[in-house]
Amino acid sequence: MKNSGIHTWIVEIIAALLILLFVYTGITKLADQNSFRAVISRSPLIGQWSTFLSWTLPIIELSAAVLLLIPKTKKLGLWLSLGLMIVFTGYIGYMLLFTNHLPCSCGGVLQQLTWLQHLEFNILFTLLSALSIWFYTKHQRFIAINRNSRTPV
Amino acid sequence: MKKYLLGIFAIILAVGFSAFTTIKKTDTTYHFKNGSEWVEIDSDEVCVPGSLTPCQIDNPETPAVGDMVTVYLSQNDSPGNELLRN
């Protein structure tokens with residue numbers, strides 16, 4: 001039972017960190033939408049979809065934050081967060097490995113990070129997302145087992 | 001309500017950060033060599049310092065998408081004087 005409590009707290013804290021990250025980056029991108037679109041348009045990989053991505057990316061980030069906030073949709077939010085972080089990390093990794101032109105980054109405080117630092121930051125949050133899903137699943141199994149065995153928790 | 005407390009706190013923090021930590025865009029004068037002539041560019045693009053690749057920004061002379069030029073802080077294109085970024 002003690003472990004289950006700790007697991008719950010870990011999931012809550014990681015979810016809060018993800019909410020903080022996605023709300024911050026989502027608002028920053030929407031607030032300076034023109035600059036964000038200009039940055040994306042310089043990317044050799046995704047430049048042709050700059051207008052579409054400049055709207056959908058921040059909306060998806062804010063949606064993930066809302067899903068993480070509501071307990072019933074937290075699991076979906078965690079999976080969406082993991083998916084987003086994998087995509088973002090993959091993009092940065094691809095740019096670092098295969099392109100000569102590295103345009104300026106997304107904006108806000110993260111703009112001050114180098115591309116390498118940004119990669120490290122994203123890897124950290126990807127691992128945190130995966131960890132929270134693991135603990136969440138473990139906690140859900142714990143509840144199910146105890147419910148089935150009719151043991152008061 | 002307790003379930004939402006940490007999440008709401010995170011949202012308030014995020015809104016606060018985004019409101020108070022916008023990067024001040026100041027124009028910096030960069031130089032690039034157009035053939036044999038030096039051209040100045042006033043740009044608010046940030047070349048975050050690093051050591052790996054030359055810093056490149058949009059060429060204002062030919063503003064097509066993807067037309068990037070290597071920039072320098074002064075009119076000196078000696079090897080090693082280009083602005084580098086990670």
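Quick caveat: nothing in here was measured; it's all calculated off a predicted structure.

Rules and cut-offs
- Residues numbered from 1 in each chain as written.
- Chains lettered and ligands numbered in written order.
- Predicted model: local features only at pLDDT ≥ 70, side-chain atom pairs only at ≥ 80, totals over all residues.
- Heavy atoms only, no water.
- Helix = DSSP H or I, 4+ residues; strand = E, 2+ residues; numbered from the N terminus.
- Buried < 20%, exposed > 50% of the residue type's maximum accessible area, 1.4 Å probe, protein only.
- Contact = heavy atoms within 4.5 Å.
- Axes fitted to C-alpha atoms, helices over the stretch in contact; angles between N-to-C directions.
- Left-handed = near helix turned anticlockwise from the far one by under 90°.
- Patch = residues over 30% accessible without salt bridge, like charges linked within 9 Å, V, L, I, M, F, W, Y side chains within 5 Å.
- Areas by Shrake-Rupley, 256 points an atom, 1.4 Å probe, with all protein chains shown as cover.
- Salt bridge = Lys/Arg side-chain N within 4 Å of Asp/Glu carboxyl O.
- Core = buried A, V, L, I, M, F, W, Y, C linked by side-chain atoms within 4.5 Å.
- 1 Å grid on protein atoms, 1.4 Å probe; cavity = no way out; pocket = protein on both sides within 12 Å on 5 of 7 lines; lining within 4 Å.
- Points joined across faces, edges and corners; volume = space filled by probe spheres on them.
- Nonpolar A, V, L, I, M, F, W, Y, C, P; charged D, E, K, R; others polar.

### Some thoughts on the side chain of A:S50
Residue and element names in this part refer to chain A.
Next, step 1: Mapped onto the elements of the fold, S50 is located in helix 3 (residues 50-69).
Next, step 2: Since its relative accessible area comes to 11%, S50 is described here as buried.
Next, step 3: The contacts of S50, once residues within four sequence positions are left out, are R37, I40 and S41.

### Some words on the packing of helix 3 of chain A against helix 4 (residues 74-98) of chain A
All names here are of chain A.
Next, step 1: Between helix 3 and helix 4, the least distance of the axes is 7 Å, while the angle of their chain directions is 145°. Of the two elements, helix 3 crosses helix 4, and the hand of that crossing is left-handed. The segment helix 3 lies against helix 4, with L57, I60, E61, A64, L67 and L68 engaging K74, L76, G77, L78, L80, S81, L84 and F88.

### Overview of a nonpolar patch on the surface
Residue and element names in this part refer to chain A.
Next, step 1: Together, L45, Y94, L97 and F98 line one region of the surface with nonpolar side chains, adding up to about 430 Å² of accessible area.
Next, step 2: Residue placement: F98 occurs in helix 4.
Next, step 3: The class for F98 is exposed, based on a relative accessible area of 60%.

### Structural notes on the nonpolar core
Next, step 1: Counting 37 residues, the largest nonpolar core has A:L18, A:I19, A:F22, A:L68 and A:L78 as the members making the most contacts within it.
Next, step 2: Taken together, the elements giving at least two residues each to this core come down to helix 1 (2-31), helix 2 (33-41), helix 3, helix 4 and helix 5 (115-148) of chain A together with helix 1 (2-20) of chain B.
Next, step 3: When residues in this core are grouped by element, the largest group, 11 residues, is from helix 1 of chain A.
Next, step 4: Those residues in contact with A:F22, other than ones at most four positions away along the chain, are A:E61, A:L62, A:A64, A:A65, A:L68, A:S81, A:L84 and A:M85.
Next, step 5: The next biggest cluster of nonpolar side chains, apart from the first, holds 9 residues, and it includes B:I57, B:V69, B:V71 and B:L83.

### Looking at the pattern of salt bridges
All names here are of chain A.
Next, step 1: Counted by the stated rule, this structure contains 2 salt bridges over all chains.
Next, step 2: Linking K74 and E12 is a salt bridge whose minimum nitrogen-to-oxygen distance equals 3.3 Å. Of this pair, K74 sits in helix 4 while E12 sits in helix 1, placing them 62 residues apart in sequence.
Next, step 3: The buried category is assigned to K74, whose relative accessible area is 5%.
Next, step 4: Residue classification places E12 among the partly exposed positions, given a relative accessible area of 22%.
Next, step 5: K29 is paired through a salt bridge with E61; the nearest N and O atoms lie 2.8 Å apart. Of this pair, K29 sits in helix 1 while E61 sits in helix 3; the two residues are 32 residues apart in sequence, bridging distant segments of the chain.

### Overview of empty space enclosed by the protein
Next, step 1: Overall, the coordinates contain 3 cavities of 30 Å³ or more when judged by the stated rule.
Next, step 2: Considering the residues around the second largest cavity, the lining is formed by A:E12, A:A15, A:A16, A:I19, A:L68, A:L69, A:K74, B:K3, B:L6 and B:G7.
Next, step 3: When contributions to the lining of the second largest cavity are tallied by element, the ones reaching two or more residues are helix 1 and helix 3 of chain A together with helix 1 of chain B.
Next, step 4: Across the lining of the second largest cavity, the residue classes break down as 6 nonpolar, 1 polar and 3 charged.

### Some thoughts on the environment of A:S129
Residue and element names in this part refer to chain A.
Next, step 1: Along the chain, S129 turns up in helix 5.
Next, step 2: Residues S129 and R141, 12 residues apart in the sequence, show an inter-C-alpha distance of 18 Å.
Next, step 3: Apart from residues lying up to four places away in sequence, S129 is in contact with I14, L18, S81, L82 and M85.

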